[in-house]
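For reference, the chains in residue letters:
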Amino acid sequence: MHVCEPIAPAANTNSRSRFLLQIFLLLVLLLMAPFVGGCRSTDPQPSTEAGIAGSSTLTLSSASLRDGKFPSEFTCDGADNSPPLGWTEPSAAAKSLVLTVTDPDAPSGTFTHWVLYNLPANSNGLPINVPKQDQLSDGSRQGRNDFGKIGYGGPCGPHGSTHRYFFDLFALDTKLDLPAGATRAQVEDAINIHVLARGKLMARYSR
């Protein structure tokens, strides 16, 4: 009968070798740790919205949008007037203001209700029922909303729904070189790195 040779001594040798290798690798890792740590970058990572992320805050308000709700006067179910707005004064570095009104709850995606740009930086509000024309008397220009018209177009969502409407105000360090009738996408692209401060107001409307 063939008898296998004992393998215990070889196993012990292999175990000892593995143990020594593990100790060696551990020592290498400990010695390398300070160098690996020193290679890490300590520079701050840029924001994906650098022009807006670092901006300060404006307070945007409207006495007519009571309790965060639209009266029908400012919608397609009423006179469709733009509501009066007020805001805090931006810094002296501001050269113009931009205002947009959007509905992110629209069935086809975010719907643009108003685009207003090159507002004077020293203005502190808008009256009720801003004229729906290309250029206003103070030099402000109005863009084209998603109804295909110039100026303000009020909430007009599907019946049986409640939508949110966001007023976004931006203080810029420049005036926009855009003609009247620009789209919201064109305006937002133009303000990209010029935002000094911003304010936001939200109101709902149910039909």
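Refer to the structure presented above.
Since the model is a prediction, treat every value here as computed from it, not as a measurement. All residue numbers refer to positions counted from 1 along the written sequence of the respective chain. Only residues with pLDDT of at least 70 get local features here, since the model is predicted, and only at 80 or more are side-chain atom pairs given and counted; chain-wide, interface and lining totals rely on the full set of residues. Side-chain measures were taken over the full set of non-hydrogen atoms in the model, leaving aside hydrogen atoms and water.

Peer 1: Help me out: how do you make sense of the packing of aromatic side chains in this one?
Peer 2: Ring pairs (aromatic) are described by centroid distance and by the angle formed between their planes. By convention, a stacked pair of Phe, Tyr or Trp rings (six-membered ring in the case of Trp) has centres within 6.5 Å and planes under 30 degrees apart, an edge-to-face pair has planes over 60 apart, and any other such pair is tilted. Counted according to the given criterion, the structure contains 4 aromatic pairs. Judged by centre distance (6.0 Å) and plane angle (20 degrees), the rings of Phe70 and Phe167 are stacked. Of this pair, Phe70 sits in the loop between β2 (60-61) and β3 (85-87) while Phe167 sits in strand β8 (residues 162-172); the two residues are 97 residues apart in sequence, bridging distant segments of the chain. Side by side, Phe70 and Phe167 carry an identical accessibility label, which is buried. Here the aromatic cluster, defined as three or more aromatic residues joined through ring pairs, consists of Phe70, Tyr165 and Phe167. Starting at the N terminus, helices and strands are each numbered in turn, a helix being any DSSP run of H or I of at least four residues and a strand any DSSP run of E of at least two. Between buried and exposed lies partly exposed: a residue is buried under 20% and exposed over 50% of the maximum accessible area for its type, with that area taken using a 1.4 Å probe on protein chains only.

Peer 1: Just to check I follow, could you spell out the environment of Asn145 for this structure?
Peer 2: Considering the arrangement of structural elements, one finds Asn145 in the loop between β7 (141-142) and β8. Sequence-wise, Asn145 and Thr102 are 43 residues apart; in three dimensions their C-alpha atoms are separated by 9.4 Å. When sequence neighbours within four positions are dropped, the list of residues in contact with Asn145 reads Thr112, His113, Trp114, Gly151, Tyr152 and Gly153. What qualifies as a polar contact is a pair of N or O atoms within 3.5 Å, subject to a donor-acceptor requirement within protein and to the restriction that residues adjacent in sequence count only when both atoms come from side chains. A distance of 2.9 Å separates a polar atom in the side chain of Asn145 from the backbone nitrogen of Phe147. Separated by 2.8 Å, the side chain of Asn145 and the backbone oxygen of Gly151 make a polar contact. Only heavy atoms matter for contacts: two residues are in contact if any of them lie within 4.5 Å across the pair.

Peer 1: Mind showing me how you'd approach the side chain of Ser161 here?
Peer 2: If you trace the backbone, Ser161 turns up in the loop between β7 and β8. Polar side-chain contacts of Ser161 include one of 2.5 Å to the backbone oxygen of Pro158. A polar atom in the side chain of Ser161 sits 3.4 Å from the side chain of His163. Beyond its immediate sequence surroundings of up to four residues, Ser161 is in contact with Tyr205, Ser206 and Arg207.

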